[in-house]
Amino acid sequence: MFRDKWCGELRDTSAGSNVNLAGWVFRRRDHGGLIFVDLRDRSGIVQVVFSPDVSVEAHGLAHDLRSEFVISVQGEVRCRPEGTVNTDIATGRVEIYASKLVVLNESAPLPFTLEDAAEASEMLRLKHRYLDMRRPELQRNFIIRHKAAKGVRDYLDENGFLEIETPMLTKSTPEGARDYLVPSRLNPGNFYALPQSPQIFKQILMVAGMERYFQIVKCFRDEDLRSDRQPEFTQIDIEMSFTDQSEVLELVEGMIGRVFSDVLDISLEKKFEVLTYKDAMERFGSDKPDVRFGMELTDMADLAKASSFKVFLDAIESGGRVKAILGKGMAGLSRKDVDMLTEDAKAFGAKGLAWIKVKGGFESPIAKFFTEEIMKQMAERVKAEEGDMILFVADTDSVVHNVLGRMRLDLAKKLNLIPEGFKFLWVTGFPLLEWNDDEKRYAAMHHPFTSPTDEGIAKMLQMPDEVFGAKSESPELSSLTAKAYDLVLNGYEVGGGSIRIHRKEIQRRMFSLLGISDEEANEKFGFLLDALQYGAPPHGGIALGLDRLVMLMVGAASIREVIAFPKTQKASCVMSGAPSVVDQKQLRELYIKLNLPL
RNA sequence: GGGGCGGUAGUUCAGCUGGUUAGAACGCAUGCCUGUCACGCAUGAGGUCGCGGGUUCGAGUCCCGUCCGCCCCGCCA
């Protein structure tokens, strides 16, 4: 036995007792006569004193200790002498007088310091992730991640859910993200796909009468990375039978509430705020708005109409919008600052940015197009006060919302308007379909198994066949709403789900609506369609992004801080070197010939 | 596919309009030190300035290309 106590648990109540500890040398302070070592294990740090008065041998050995040597120590816990207590650490009232020291392993000098003060570059941290993970911050992240996952399991278990595994080697399906493919040796020329989510399998588990399923499971999507997106990530995947939207929301609210209270000791509001997709877009210009602060998008069309500003008038004339946000305290911005804002707006897709400063009257290049009275009403509507600035975008509906939605976030960050805390939000009533202008077809906004609303189903069943697979956008189809819902936390989408289609003929109609022929549907999704004809119960569910949720819980800026071995933006692992070339032999076994670009 | 930022000692960085021997702090090594806790003191070692090419009498610095990392757009049902 190497140890009988953890470093971080020692208090003055243990004074006088003999303990065995094991861990890493965090810091060594060698005074010649006395040597102090901060010994670290996962639980924390405790000071070990090596004195020739206690053990000449241990003291001699301690001279050669270096950072991150692995040692075990036997010694007496003593209260520290008057005036030497360290209030910065939990164990600061005691120290261990070492009677025995064993060096279990030495360590080469580290490529970077483990002290949090000087952060190493992320690449270096990832290359030596085993060192990075020794840092208390990362240890805390993984403890919280573990507790969150455990809270989820406990809660779902108590609510009658069964954790059931689904295959990792599965079938490539059209729609959605790019698949990671795995060649099949036994079936030359054929490939498995790694799951983008267990969607179809969990629906089939409902047909199988499992009624309540969950899984904490890796999913894979071969798309470009972001600070909140990794090619492999973990979902809390949930599906239940005989359910409806409100029951799913209630379940998740309970689960999240439980996790936040268990793990962070934070009690959330019992019911989360609910916004429709339409309201979210109108008010915040985003389907995943951060609602911790206001700065809402304000419609200015009626007032803009009363102006002689052609840009505004044209936008309204052609069915577009004129909306504004309030730039709190931004009237002092220089010409250059405003130019930069305009560049931002253009980068987000706007043709330009109009503005009015409230600065002892109204100051604006477009002031001449407005009466004083109109500008006064505009200012009142966005609650602009002296020193503020009103920012306008006029364009199509989607451009206005996208640009102002992004600027709202950007400016709020710059102006420090976003309060700390956790604000959950449901976004519901998503459109069922999204027109893809490049491919001249509709795509499912959520996924093709999402149920339309009841009215939507009725409409769909009545629509003439010509509507399906239409090559142009149809107002009828665009207005269909889905029984889908997203869970948003502080501006991040942390979950999404829906009530599913459980009747075969509706699923078939859905496929044809998406321009997927009966033949293709049978080939790609035949197993689901088959299953649906044998008494599939009504069902629905949700999937939550565990990585994102934990990232927000620990206050990290990137998902990589809560993943043990994350990948870089080029989806490589700098520690293992994956991905890498493989032997010709391996390729031959798989009947694969490379065709690389020059 | 596109935009932006970065790559100099083991680490974090500085290095101006091109100019002598490329610096600092921390870390590392050796020695001294019995109350430190970012211990202190003394001495010392340590550099392919990401890589390749070009301009120039001369390139860490300018130009072109390329690789890598980060942020964002597109993409992510």
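Report follows, based on the coordinates. (Residues numbered from 1 in each chain as written. Chains lettered and ligands numbered in written order. Predicted model: local features only at pLDDT ≥ 70, side-chain atom pairs only at ≥ 80, totals over all residues. Heavy atoms only, no water.)

**Some details on helix 5 (residues 199-207)**
Here's step 1: For helix 5, a buried count of 7 out of 9 residues is recorded, marking the element as mostly surrounded by other parts of the structure.
Here's step 2: Of all the positions in helix 5, only Gln-199, Ile-200, Lys-202, Gln-203, Leu-205, Met-206 and Val-207 are classed as buried.
Here's step 3: Tucked into the core, helix 5 has its buried residues touching strand 9 (212-220), strand 10 (232-241), helix 16 (518-532) and strand 22 (539-545).
Here's step 4: Phi turns positive, to about 80 degrees, at Gly-209, one or two residues after helix 5. (Buried < 20%, exposed > 50% of the residue type's maximum accessible area, 1.4 Å probe, protein only. Helix = DSSP H or I, 4+ residues; strand = E, 2+ residues; numbered from the N terminus. Contact = heavy atoms within 4.5 Å.)

**A word on the sheet that holds strand 9**
Here's step 1: One open sheet holds the 8 strands; their spatial order is 6-9-10-22-21-20-17-11, and the pairing between them is mixed. One side of each edge strand has no neighbouring strand; the edge strands of this open sheet are strand 6 (162-163) and strand 11 (273-276).
Here's step 2: The sheet contact formed by strand 21 (residues 492-499) and strand 22 spans 5 bridges and is antiparallel. When the sheet's bridge partners are listed, Ser-498 is paired in strand 22 with Gly-541.
Here's step 3: Of the strands in this sheet, strand 9, strand 10 and strand 22 are in contact with helix 5, which crosses strand 10 at around 25 degrees. (Pairing = 2+ DSSP bridges. Axes fitted to C-alpha atoms, helices over the stretch in contact; angles between N-to-C directions.)

**Description of the packing of helix 4 (residues 136-158) against helix 17 (residues 546-554)**
Here's step 1: One can describe the packing of helix 4 onto helix 17 by two numbers: an axis separation of 10 Å at closest approach and a directional angle of 125 degrees. Taken together, helix 4 and helix 17 sit at an angle that is classed as oblique. For the element pair helix 4 and helix 17, the recorded crossing hand is right-handed. Note on element contacts: helix 17 touches helix 4 through Leu-546, Asp-547, Val-550, Met-553 and Val-554, opposite Arg-140, Asn-141, Ile-144, Arg-145 and Ala-148. (Parallel < 35°, antiparallel > 145°, perpendicular 65-115°, else oblique. Left-handed = near helix turned anticlockwise from the far one by under 90°.)

**Looking at the pairing of strand 4 (residues 70-79)**
Walk down a regular strand and you will see the side chains alternate between the two sheet faces.
Here's step 1: Pairing between strand 1 (residues 18-30) and strand 4: 7 bridges, direction antiparallel. Its bridge partner lying in strand 4, Val-19 is registered against Gly-75.
Here's step 2: In terms of strand pairing, strand 4 meets strand 5 (residues 94-105) through 10 bridges, oriented antiparallel. Looking across to strand 5, one finds that Ile-71 is bridged to Val-103.

**Things to note about the protein's contact with RNA strand B**
Here's step 1: For RNA strand B, the set of nearby residues contains 45 residues, the closest of which are Thr-84, Tyr-97, Glu-223, Ala-444 and His-446.
Here's step 2: Take Arg-221: an N or O atom from its side chain is 3.1 Å from a phosphate oxygen of RNA strand B.
Here's step 3: If you list the elements that add at least two residues to the surface near RNA strand B, you get strand 1, strand 5 and helix 2 (122-127).
Here's step 4: The residue makeup of the surface near RNA strand B, split by class, is 13 nonpolar, 15 polar and 17 charged. (Near = heavy atom within 4 Å. Polar contact = N/O pair within 3.5 Å; in protein donor to acceptor, adjacent residues only side chain to side chain. Nonpolar A, V, L, I, M, F, W, Y, C, P; charged D, E, K, R; others polar.)

Purely spatial values, then, with no claim about function.
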